[in-house]
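# Close look at the chain arrangement
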Amino acid sequence: MTSGFSGEVATYYARHRRGYPPEVLDALTATFHLGAEDTVIDLGCGTGQLSIPLAARIGAVLGVDPEPDMLALARSAGVEAGTTNATWMLGGDRDLPALSRSLGGRTVGALTVAVAIHFMDRDTLFEAVRPLLRPGGGIAVVTNGAPLWLQNTAWSEALRGCLERLFGHPVTASCQTDEAGRRRNREALVRAGYRYAETCVEYDAPLTVDDMVGGVLSAMSADSLPSVQQRAEFASEVREALGGTDEVTERVRVWLQYGVRA
């Protein structure tokens, strides 16, 4: 079982993907009234960007991902952070029914899906989660900003141009982080019978060229990574396209879409 985000891609993901500011954790815990008695399942947890800070606020986190390399890095990051209440499990959205049986009827406070919903069957997932959720708990679909190459800024336009020269074709993939993707999430949650709500946390943060390039590489499958030389040339081209600067400012918009169980 693998997602293709293995090896060097997983390392890029761990080093260069953004984490989440305290306001995001505040919003999650307040919406579902999460506390020390609650467990949260972080489905598609990657290298723990959401799982680890969330663990500090609740009873336990179960991070689930189909890529062993991602889970190994998440576990290492958890150890480094001193997290003792996180468990890491190999699996995906289709494993929710089996996970429900293994919990023996116990419920969880929430299931989070951060920057991974576009890999999943929303309707099947949202129905399968319901037996796992306590009353007042629910699902949170989290989008950690638009892709770096699709933002409405001069630096993003420059990055997109470099990517298109690298690949030889237009780069338009939104990873369903746009309004159309959020609409699909909203409609699927409503169809599944959840009470819908949403919030958006916005903030400015520095973005280095290394993080920009690493973030792009973290979105590729392991077998599609350019060669080491091509990566170095790409980084140089991006820096040159930005006028030699090594850092820009990114306006990050974190969308949280909630389905609350009655």
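Figured I'd write up the structure that's included with this text. (Residues numbered from 1 in each chain as written. Predicted model: local features only at pLDDT ≥ 70, side-chain atom pairs only at ≥ 80, totals over all residues. Heavy atoms only, no water.)

What follows is about the pairing of strand β7 (residues 247–260). In terms of strand pairing, strand β5 (residues 133–144) meets β7 through 7 bridges, oriented antiparallel. Note that in β7 the partner of G138 across the bridge is V260. Both strand β6 (residues 195–208) and β7 contribute to a ladder of 14 bridges, which runs antiparallel. Pairing of E202 across the sheet is with R253, part of β7. (Pairing = 2+ DSSP bridges. Helix = DSSP H or I, 4+ residues; strand = E, 2+ residues; numbered from the N terminus.)

Moving on, we come to unusual backbone geometry. One non-glycine residue, V115, adopts positive backbone phi at about 55 degrees. One non-glycine residue, Q176, lies in the positive phi region at around 55 degrees. Following the sequence through the fold, Q176 ends up in the loop between α7 (154–167) and α8 (179–191).

With that settled, the discussion passes to helix α1 (residues 7–16). Along α1, the residues that are buried comprise V9, A10, Y12, Y13 and H16. Angular distribution of buried residues about the axis of α1 spans 160 degrees; they occupy a single face of the element. Close packing links the buried residues of α1 with α4 (68–81), α9 (209–217) and α10 (228–241). (Buried < 20%, exposed > 50% of the residue type's maximum accessible area, 1.4 Å probe, protein only. Arc of directions from axis to C-beta. Contact = heavy atoms within 4.5 Å.)

Bringing the packing of aromatic side chains into the picture now. With the rule as written, the count across this model stands at 2 aromatic pairs. With a centroid separation of 5.8 Å and 75 degrees between ring planes, the pair formed by F5 and F119 is classed as edge-to-face. In this pair, F5 is assigned in the segment before α1 and F119 in the loop between β4 (108–114) and α6 (122–129), connecting sequence segments 114 residues apart. On the accessibility criterion, F119 (54% relative accessible area) is exposed. Where F32 meets Y258, the ring centres are 5.7 Å apart and the plane angle is 85 degrees; that geometry is what we call edge-to-face. Residue F32 is found in helix α2 (residues 22–32), and its partner Y258 is found in strand β7; the two are separated by 226 residues along the sequence. (Phe/Tyr/Trp six-rings, centres within 6.5 Å; stacked < 30°, edge-to-face > 60°.)

Once that is clear, we can look at the packing of α6 against α8. For the pair α6 and α8, the least separation of the axes is 9 Å and the interaxial angle reads 40 degrees. Taken together, the axes of α6 and α8 are oblique relative to one another. Crossing hand, α6 versus α8: right-handed. Taken together, the residues of α8 that come into contact with α6 (itself represented by R122, D123, F126 and E127) are G181, R184, N185, A188, L189 and R191. Considering only residue class, the contact of α6 with α8 consists of 3 nonpolar, 2 polar and 5 charged. (Axes fitted to C-alpha atoms, helices over the stretch in contact; angles between N-to-C directions. Parallel < 35°, antiparallel > 145°, perpendicular 65-115°, else oblique. Left-handed = near helix turned anticlockwise from the far one by under 90°. Nonpolar A, V, L, I, M, F, W, Y, C, P; charged D, E, K, R; others polar.)

By themselves, these are just geometric observations and shouldn't be taken as functional.
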